[in-house]
Amino acid sequence: VLVNPQPGQVGTYGLATLKGPSSLSLDMNMIKRFKIREGTEFEFRIDAINVLNHPNFGNPNTNINGNNTFGQITTAGGSRRFIINSRINF
């Protein structure tokens, strides 16, 4: 099924035939606003990215000439991150 095409020829394997695992990410944020005076407020915000800390695995290796890693998933990402912001609205 998986053979290299001859030079100058297009292979017979369809586009997007191999699909990687799906990704899951739950993002949340919290905002607290403090009134400074009329028409002016201070905003404090925390953004949490990938709260569940679920690993998101990469796509499988599709290089059939690779060093015995064809079809294996060798990458993962999706670490939990927090971003803290503040701003003054007027």
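Values in this document were obtained by computation on a predicted structure and should not be read as measured data. (Residues numbered from 1 in each chain as written. Predicted model: local features only at pLDDT ≥ 70, side-chain atom pairs only at ≥ 80, totals over all residues. Heavy atoms only, no water.)

## Considerations on the pattern of salt bridges
Once the charged atoms of two side chains with opposite charge are near each other, the side chains can pair. Using the following cut-off: The rule for a salt bridge is simple: a side-chain nitrogen of Lys or Arg has to be within 4 Å of a carboxyl oxygen of Asp or Glu. Note on conventions: DSSP H or I runs of at least 4 residues are helices, E runs of at least 2 residues are strands, and numbering of each starts at the N terminus. We call a residue buried when its accessible area falls under 20% of the maximum for its residue type, exposed when it is over 50%, and partly exposed in between, using a 1.4 Å probe and counting protein chains only.
Scanning the entire structure with this criterion turns up 4 salt bridges. Of the charged contacts in the structure, one is a salt bridge between Glu 43 and Arg 33, with a shortest N-O distance of 3.1 Å. Taken together, the residues span a long stretch of sequence, with Glu 43 in strand E2 (residues 40-49) and Arg 33 in strand E1 (residues 28-37) at a distance of 10 residues. Of the residues examined, Glu 43 reaches a relative accessible area of 6% and is grouped as buried. Residue classification places Arg 33 among the partly exposed residues on the basis of a relative accessible area of 48%. The salt bridge involving Glu 43 is made with Arg 87; its shortest N-O contact spans 3.9 Å. One end of the pair, Glu 43, is in strand E2; the other, Arg 87, is in strand E5 (residues 81-89), with 44 residues separating them in the sequence. Taken together, the salt bridges that share partners define one network made up of Arg 33, Glu 41, Glu 43 and Arg 87.

## Observations concerning unusual backbone geometry
Of note, Asn 50 is a non-glycine position whose phi angle comes to about 60°, a positive value. Following the sequence through the fold, Asn 50 ends up in the loop between E2 and strand E3 (56-57). Phi is positive for Asn 53, close to 55°, though the residue is something other than glycine. Mapped onto the fold, Asn 53 is located in the loop between E2 and E3.

## Considerations on the sheet that holds E5
The following threshold applies: A pair of strands counts as paired when DSSP detects no fewer than two bridges linking them. Helix axes are fitted only over the stretch in contact, all axes being lines through C-alpha atoms; the angle between N-to-C directions runs from 0 to 180 degrees.
An order of E1-E2-E5 is seen for the 3 strands of this open sheet, with the pairing classed as antiparallel. Edge positions in the sheet fall to E1 and E5, since each has one partner strand and no second. In this sheet, neighbouring strand axes are inclined to one another by 10° on average, regardless of whether the strands run parallel or antiparallel. The pairing of E1 with E2 spans 9 bridges and is antiparallel. Within the sheet, the bridge partner assigned to Phe 34 lies in E2 and is Phe 42.

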